[in-house]
Amino acid sequence: MKAAFSTLACPAWSWERILEEASALGYDGIEIRGIEQEMMVHRCTPFLPENIEQSKQQLRDHGLEIISLDTSCVFHDLAKYETSIEEGKAAVDLAVKLGVPYIRVFGDAIPNDRDREETIAQVARGIQAVSRYAEDTGVTVLMETHGDFSDSRTLLAVIEQVGSSAFGVLWDINNPYKYGDGEPLELTYERLGRYIKHTHIKDTRGADMHAPTTLCGEGDVPIKACIQLLAERGYEGWLSFEWEKRWIPSIEEPEVALPHFIRYIKSP
């Protein structure tokens, strides 16, 4: 398994510094969730048409890959539905140009139980539209275990309706483990394992999905057990550190968190 980190960890860093730090710390890749002040991946300066070839060369020079382009696409909200489809398609186009295998989207929220099935169907239709657009491009659209779609049964209901060869799951290990009454890692993997293409690693301490973030190994998410489970099941994807400094400014600086993660996952 290779190690990456999301650029959520370092919102103040330039593209050049992201590459320099990732390479120096021993990471194999990076996951793009905004660069400096721009959150739309296709609008980030390094990925504008006139800069793409230079950025690809910089990645090669540093021995790095971009593993995923993480969008803001959500499909539960009709007000954002069409713009999310367009954003998703733009991310697919950019991923093709950059040679990136994945883009990330959300289902996000289920407003109420009364509209539960309708919301799940709407989310599935939106993701299906982007996934079918990605078919035959080499890009896979990943739905993250996030929000009300952290529960694996709910996510399975979406999977059953999408029906695209260019669709898979991004397993954020914290969220199903902490959502509602919580799911054992083994149960989540039993239900979703054949769809899991990519993994987010983070640690928190507390009983719910929004528990305070900690450095890896200082919370109560069984990260090492998860990595062992993935290894035993033949997972050959990435372990991507999601340190949400952009959203939670009070947590440790990237200069602390990023080297800590590499040490942690390489320790016995």
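Conventions we followed
- Residues numbered from 1 in each chain as written.
- Predicted model: local features only at pLDDT ≥ 70, side-chain atom pairs only at ≥ 80, totals over all residues.
- Heavy atoms only, no water.
- Axes fitted to C-alpha atoms, helices over the stretch in contact; angles between N-to-C directions.
- Helix = DSSP H or I, 4+ residues; strand = E, 2+ residues; numbered from the N terminus.
- Parallel < 35°, antiparallel > 145°, perpendicular 65-115°, else oblique.
- Left-handed = near helix turned anticlockwise from the far one by under 90°.
- Contact = heavy atoms within 4.5 Å.
- Nonpolar A, V, L, I, M, F, W, Y, C, P; charged D, E, K, R; others polar.
- Phe/Tyr/Trp six-rings, centres within 6.5 Å; stacked < 30°, edge-to-face > 60°.
- Buried < 20%, exposed > 50% of the residue type's maximum accessible area, 1.4 Å probe, protein only.
- Expected span 1.5 Å × (residues − 1).
- Salt bridge = Lys/Arg side-chain N within 4 Å of Asp/Glu carboxyl O.
- Pairing = 2+ DSSP bridges.

Structural notes on the packing of helix H1 (residues 15-25) against helix H2 (residues 52-62)
Inference 1: Between H1 and H2, whose axes approach to 10 Å, the crossing angle comes to 20°. Looking at the two axes, H1 sits roughly parallel to H2. Both H1 and H2 take part in a crossing whose hand is right-handed. Here Trp15, Glu16, Leu19, Glu20 and Ser23 of H1 lie close against H2, whose contacting residues are Ser55, Gln58, Leu59 and His62.
Inference 2: Tallied by class, residues from the contact of H1 with H2 come to three nonpolar, four polar and two charged.

What to know about the packing of aromatic side chains
Here the distance between the centres and the angle between the planes together describe a pair of aromatic rings.
Inference 1: Evaluated as defined, the whole model comprises seven aromatic pairs.
Inference 2: Centre to centre, the rings of Trp171 and Tyr189 are 6.1 Å apart; their planes meet at 50°, and the pair counts as tilted. Separated by 18 residues along the polypeptide, Trp171 in strand E6 (residues 167-172) and Tyr189 in helix H7 (residues 185-192) bring together distant segments of the chain. Here the two residues Trp171 and Tyr189 agree in accessibility, since each one is buried.
Inference 3: For the pair Phe241 and Phe261, a centre-to-centre distance of 4.5 Å together with 5° between the ring planes defines the contact as stacked. Taken as a pair, Phe241 in strand E10 (residues 238-241) and Phe261 in helix H9 (residues 254-266) lie far apart in primary sequence, 20 residues in all.
Inference 4: For Phe241, a relative accessible area of 1% corresponds to the buried category.
Inference 5: Ring pairing ties together the aromatic residues Phe5, Tyr27, Phe241, Trp243 and Phe261, which thus form one cluster.

Description of helix H4 (residues 116-134)
Inference 1: In this model H4 runs 27 Å from its N-terminal to its C-terminal C-alpha over 19 residues, within 8% of the 27 Å that 1.5 Å per residue would give.
Inference 2: Of the residues making up H4, those classed as buried are Thr119, Ile120, Ala121, Gln122, Val123, Ala124, Gly126, Ile127, Gln128, Val130, Ser131 and Ala134.
Inference 3: Where H4 is buried, its residues contact helix H3 (78-98), strand E4 (102-106), strand E5 (140-144), helix H5 (152-162) and E6.
Inference 4: Looking one or two residues beyond H4, the residue adopting positive phi is Asp136, at roughly 70°.

Examining the pattern of salt bridges
As a working rule, side chains carrying opposite charge can pair if their charged atoms are close by.
Inference 1: With the rule as written, the count across this model stands at eleven salt bridges.
Inference 2: A salt bridge links Lys2 to Glu65, with the nearest nitrogen and oxygen atoms 3.1 Å apart. Of the two residues, Lys2 sits in strand E1 (residues 2-6) while Glu65 sits in strand E3 (residues 65-74), which places them 63 residues apart along the sequence.
Inference 3: Note on Lys2: relative accessible area 39%, which makes it partly exposed.
Inference 4: Judged by relative accessible area, Glu65 falls into the partly exposed class, the value being 38%.
Inference 5: Here Glu244 ties to Lys202 by a salt bridge, and the two come within 3.7 Å at their closest N and O atoms. Here Glu244, found in the loop between E10 and H9, pairs with Lys202, found in the loop between strand E7 (196-201) and strand E8 (203-204); they are 42 residues apart in sequence, far enough to count as distant.
Inference 6: Taking relative accessible area as the criterion, Glu244 reaches 18% and is therefore assigned buried.
Inference 7: Overlapping salt bridges bring together Asp172, Lys202, Glu242 and Glu244 as one network.

A short note on the sheet that holds E7
To summarise the sheet geometry, strands pair through backbone hydrogen bonds and adopt either a parallel or an antiparallel arrangement.
Inference 1: Reading around the circumference, E1-E2-E3-E4-E5-E6-E7-E10 is the order of the eight strands in this closed barrel, with parallel pairing throughout. On average, each strand axis in the sheet is inclined to that of its neighbour by 30°, with strand direction left out of account.
Inference 2: In this structure, E1 lies alongside E10, joined through four bridges in parallel fashion. Looking across to E10, one finds that Phe5 is bridged to Phe241.

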